[in-house]
Amino acid sequence: MLIGELSRRTAVSTRLLRYYEEQGLITSRRLPNGYRDFPEDAPETVARIRGLLSAGLSTEVIRDLLPCAEGTAPNLEACPSVIGALRAEAEGMQRRIEALSRSREAVLRYIAEARPAAEDPAPAPGRPEAASAGRA
DNA sequence: ATTCTTACA
DNA sequence: TGTAAGCA
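Remember, predicted model here, so these are calculated numbers, not experimental data.

Visitor: Account for the side chain of Thr 45, naming residues and giving values.
Guide: Within the fold, Thr 45 resides in helix 3 (residues 42-54). Non-local contacts of Thr 45, meaning those with residues more than four positions away in its chain, are made with Leu 25, Ile 26 and Leu 66.

This is how it looks when you write it as structure tokens:
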């Protein structure tokens with residue numbers, strides 16, 4: 001199916017769909033006119049990708065584990081090697097959580113020991129304005 | 001009307 | 001990621 005249909009059926013923008021392909025998460029063939037032609041089961045693959053992405057996995061690990069996982073969300077069948085990779089990911093996350101916790105405690109410590117200053121310093125002059133920081 | 005690539009915000 | 005440009 002064409003990218004437009006896949007986009008409608010998955011509610012994922014064509015932009016993102018092309019990005020997923022670029023990252024090796026999904027594949028497609030090319031029609032004579034150059035248009036991408038996705039497999040009929042592409043919608044399911046995209047759903048699986050979204051779930052894995054929501055779990056905080058990188059496109060890199062998803063790429064390696066995708067070909068060996070059937071089903072979606074919480075109920076997916078995975079090969080032993082995939083389970084091992086996920087276990088390693090979880091451990092890596094745990095280490096990051098611990099490192100972040102130490103950082104947070106360090107920051108909290110600064111607050112606790114900080115003594116009330118008189119005034120805030122004057123704003124730094126002329127620098128490239130950092131626009132909106134909010135990321136969706 | 002749709003998709004494609006490239007590139008900037 | 002969105003969006004715009006210039007094609008096919």
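Visitor: Describe the protein's contact with DNA strand C, naming the residues involved and giving the relevant values.
Guide: What surrounds DNA strand C is the set Ser 13, Arg 15, Leu 16 and Tyr 35. Sugar and phosphate atoms represent 47% of those atoms of DNA strand C found within 4 Å of the protein. Between DNA strand C and the protein, one listed contact pairs a base oxygen with a side-chain N or O atom of Arg 15 at 3.0 Å. Residue composition of the surface near DNA strand C, by class: two nonpolar, one polar and one charged.

Visitor: Break down the packing of helix 1 (residues 3-10) against helix 2 (residues 14-22) for me, with residues and values.
Guide: At a minimum axis distance of 9 Å, the contact between helix 1 and helix 2 shows a crossing angle of 105 degrees. Accordingly, the angle class assigned to the pair helix 1 and helix 2 is roughly perpendicular. Across the interface between the two elements, Ile 3, Leu 6, Ser 7 and Thr 10 of helix 1 pack against Thr 14, Leu 17 and Arg 18 of helix 2. Residues that form the contact of helix 1 with helix 2 fall into these classes: three nonpolar, three polar and one charged.

Visitor: Give a detailed account of the UniProt feature "domain: HTH merR-type" (unreviewed entry) in chain A, specifying residues and quantitative values.
Guide: UniProt annotation of "domain: HTH merR-type" (unreviewed entry) refers to residues 1-68 when read in the numbering used here. The straight-line gap between the two end C-alpha atoms of residues 1-68 is 23 Å; of that span, 54% is helix and 6% is strand.

Visitor: Please give an account of the protein's contact with DNA strand B that cites residues and values.
Guide: Taken together, Leu 2, Ile 3, Gly 4, Arg 18, Arg 30, Gly 34, Tyr 35 and Arg 36 form the complete shell of residues around DNA strand B. Taking the atoms of DNA strand B that fall within 4 Å of the protein, sugar and phosphate contribute 85% of them. At a separation of 2.9 Å, a phosphate oxygen of DNA strand B approaches a polar side-chain atom of Arg 30. Arg 36 places a side-chain nitrogen or oxygen 2.3 Å from a phosphate oxygen of DNA strand B. When the residues that make up the surface near DNA strand B are grouped by side-chain class, the tally is three nonpolar, two polar and three charged.

Visitor: Describe helix 1, listing the residues and the values that go with them.
Guide: Ile 3, Leu 6, Ser 7 and Thr 10 are the residues of helix 1 that are buried. The arc enclosing the buried residues of helix 1, seen along the axis, measures out at 100 degrees, which places them on a common side. Residues of helix 1 that are buried sit in contact with helix 2, strand 2 (36-37) and helix 3. The first or second residue beyond helix 1 is Ala 11, which carries a positive phi of 65 degrees.

Visitor: Can you tell me about the state of the cysteines, naming the residues and giving the values?
Guide: Applying the stated criterion across every chain yields a total of one disulfide. Residue pairing for Cys 68: its cysteine sulfur links by disulfide to Cys 79, the two sulfurs lying 1.3 Å apart. With Cys 68 in the loop between helix 4 (59-65) and strand 3 (69-71) and Cys 79 in the loop between strand 4 (76-78) and helix 5 (80-113), this residue pair connects regions lying eleven residues apart in the sequence. The exposure class of Cys 79 is partly exposed, given its relative accessible area of 27%.

Thresholds applied
- Residues numbered from 1 in each chain as written.
- Chains lettered and ligands numbered in written order.
- Predicted model: local features only at pLDDT ≥ 70, side-chain atom pairs only at ≥ 80, totals over all residues.
- Heavy atoms only, no water.
- Helix = DSSP H or I, 4+ residues; strand = E, 2+ residues; numbered from the N terminus.
- Contact = heavy atoms within 4.5 Å.
- Near = heavy atom within 4 Å.
- Polar contact = N/O pair within 3.5 Å; in protein donor to acceptor, adjacent residues only side chain to side chain.
- Nonpolar A, V, L, I, M, F, W, Y, C, P; charged D, E, K, R; others polar.
- Axes fitted to C-alpha atoms, helices over the stretch in contact; angles between N-to-C directions.
- Parallel < 35°, antiparallel > 145°, perpendicular 65-115°, else oblique.
- UniProt positions renumbered as here; feature names shortened; annotations may be inferred.
- Buried < 20%, exposed > 50% of the residue type's maximum accessible area, 1.4 Å probe, protein only.
- Arc of directions from axis to C-beta.
- Disulfide = S-S within 2.5 Å.

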